[in-house]
Amino acid sequence: MRRPREYLGQLELMVLLAVAHPDADAYGVQIAKSIEEASGREVSLASVYVALERLERKGLITSTLGAPTPQRGGRARTYFKPTPSGLKEARTACSTLNRLSRGLAVPKGTFA
Amino acid sequence: MSAAERQRLATWVLTRCASDYERDSFIGDLIEQYEERGAWWYWRQALGAVRAHLIRLVVTAAETRVQATEFIGDLIMWIALGLCALVQLPIYADLIISWTPLSRSEPKIIVVSALIAAALIAAATTVHGVRARTLRAT
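Computed from a predicted structure; not experimentally measured.

Q: Please set out the overall build of chain B residue by residue, giving values where relevant.
A: Across its full length, chain B holds six helices and zero strands. For chain B, the sequential pattern of α-helices and β-strands runs α-α-α-α-α-α. When the 138 residues of chain B are sorted by exposure, 19% land in the buried category.

The structure is reproduced here in structure tokens:
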């Protein structure tokens, strides 16, 4: 039986947008920092990796391994980038959110 | 325990109890941020990764309806690994890890292990009871 297409979770969408950012050097720490800066809330690195795994399984991002460095205990960075369907999914999700939030009353002082 | 030892212990827990997905990169990210964020952050992230992996195991077990024996086997391993991590016994942890594939290929081993554990508890209780009665008598 075919399963209906899944919606992206909130963190998945944030991670996908952070990965899709053209200026981003998208690896775990950088993605977590981008989300923290944008949302003003701390995000667990483990949650970011869980979201990355889901996105990669859905075919929305791909990963490549960098070179190992001594600063990382000899471990390499994994860099992520969006696939064309990932970019399309991010655009669709954002425009859906925009349409849904149109006319939403925002309390004064929310966005200082 | 020094800060470096605590970090090594957290890394050891991660190598055994976190998801396989990009595990090395994840640990590398933690090491990279260690200087900036400190040991407390490092441990929180490590425990977060273990918790995320446990949740996923439970969800996957529920979704795929894996055999109950396999799930119970994994659960026993996780509890035992957690206890080993607490008292820092890497050797026992390695033994437990090698036991897991065996329990998967031969589910009966879980029943046998449970029976042995029950027998050991019963034996220990009996010995303790007899000893207490003997001491009271003398």
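Structure shown, so let's carry the discussion forward.
Q: Describe the overall build of chain A, and please don't skip the residues or the numbers.
A: Helix and strand counts for chain A stand at four helices and two strands. For chain A, the succession of helices and strands along the chain, N to C, is α-α-α-β-β-α. Per-residue burial over chain A gives 29% buried out of 112 residues. Of the contacts formed within chain A by residues at least 6 apart in sequence, a portion of 47% connects residues at least 24 apart.

Q: Lay out the interface of chain A and chain B in plain terms, naming residues and giving numbers.
A: The interface is formed by 16 residues belonging to chain A together with 16 residues belonging to chain B. With six residues, the single largest contributor to the side of chain A that touches chain B is helix α3 (residues 45-57) of chain A. For the side of chain A that touches chain B, a count of residues per class yields six nonpolar, six polar and four charged.

Q: Go over the nonpolar core, please, and point to the residues and values.
A: Formed by 36 residues in total, the largest nonpolar core has its most connected members in Val15(A), Val19(A), Ile31(A), Val48(A), Leu52(A) and Leu14(B). Contributing elements (two or more residues each) for this core: α1 (10-20), α2 (28-39) and α3 of chain A together with α1 (3-17), α2 (23-37) and α3 (39-64) of chain B. The element best represented in this core is α3(A), accounting for eight residues. Excluding its chain neighbours within four sequence positions, the residues that come into contact with Ile31(A) are Val15(A), Ala18(A), Val19(A), Ala26(A) and Val48(A).

Q: Got a sec to walk through the packing of α2(A) against α3(A)? Specific residues and values, please.
A: All names here are of chain A. α3 packs onto α2 with a crossing angle of 105° between their chain directions and a minimal axis gap of 10 Å. Here α2 lies roughly perpendicular to α3, going by the angle between them. Contact with α2, carried on its side by Gly 28, Ile 31 and Ala 32, involves Leu 45, Val 48 and Tyr 49 of α3 and no other residues of that element.

Q: Describe in detail the pairing of strand β2 (residues 75-82) of chain A, supporting the description with residues and values.
A: Residues and elements named next belong to chain A. As paired strands, strand β1 (residues 61-69) and β2 are joined by seven bridges and run antiparallel to one another. Bridge assignment links Ser 63 to a residue of β2, and that residue is Phe 80. Counting the residues that bridge the hairpin from β1 to β2 gives five residues, and of these Gly 73 lies at a positive phi of roughly 65°.

Q: Please provide a residue-by-residue account of unusual backbone geometry, values included.
A: All names here are of chain B. One non-glycine residue, Glu 22, lies in positive phi territory at about 50°. Take Glu 22: it is sitting in the loop between α1 and α2. On the neighbour-count criterion, Glu 22 (22 C-beta atoms within 10 Å) is buried.

Q: Give me the environment of Gln45(B): which residues, what numbers.
A: With respect to the helices and strands, the residue Gln45(B) is situated in helix α3. Owing to 24 C-beta atoms within 10 Å, Gln45(B) belongs among the buried residues under this scheme. Distance from Gln45(B) to Phe26(B), taken between C-alpha atoms, is 9.9 Å for residues 19 residues apart in sequence. The residues contacting Gln45(B), other than those within four sequence positions of it, are Ser44(A), Leu45(A), Ala46(A) and Leu30(B).

Q: I'd like a description of the confidence of the model for chain B, backed by residues and values.
A: Within chain B, residue pLDDT values average 74, and 66% of them lie at 70 or more. When mean pLDDT is taken per element in chain B, α2(B) scores highest with 89 and helix α5 (residues 90-105) of chain B scores lowest with 58.

Q: Residues and numbers for α2(A), please.
A: The end-to-end C-alpha distance of α2(A), which contains 12 residues, comes to 17 Å, matching closely the 16 Å that a straight helix rising 1.5 Å per residue would cover. All buried positions along α2(A) are accounted for by Gly28(A), Val29(A), Ile31(A), Ala32(A), Ser34(A) and Ile35(A). For α2(A), the elements touching its buried residues are α1 and α3 of chain A together with α2 of chain B. Residue Gly40(A) follows α2(A) closely and has a positive phi angle near 75°.

Q: Account for α3(A), naming residues and giving values.
A: Residues and elements named next belong to chain A. Here α3 spans 18 Å end to end across 13 residues, near enough to the 18 Å set by a 1.5 Å rise per residue. Within the span of α3, buried status applies to Leu 45, Ala 46, Val 48, Tyr 49, Val 50, Ala 51, Leu 52 and Leu 55. Looking at the residues trailing α3, positive phi occurs at Gly 59, about 80°.

Basis of the calculations
Residues numbered from 1 in each chain as written. Chains lettered and ligands numbered in written order. Predicted model: local features only at pLDDT ≥ 70, side-chain atom pairs only at ≥ 80, totals over all residues. Helix = DSSP H or I, 4+ residues; strand = E, 2+ residues; numbered from the N terminus. Buried ≥ 20, exposed ≤ 12 C-beta atoms within 10 Å, placed from the backbone. Contact = placed C-beta atoms within 7 Å. Nonpolar A, V, L, I, M, F, W, Y, C, P; charged D, E, K, R; others polar. Core = buried A, V, L, I, M, F, W, Y, C linked by C-beta atoms within 7 Å. Axes fitted to C-alpha atoms, helices over the stretch in contact; angles between N-to-C directions. Parallel < 35°, antiparallel > 145°, perpendicular 65-115°, else oblique. Pairing = 2+ DSSP bridges. pLDDT = per-residue confidence, 0-100. Expected span 1.5 Å × (residues − 1).

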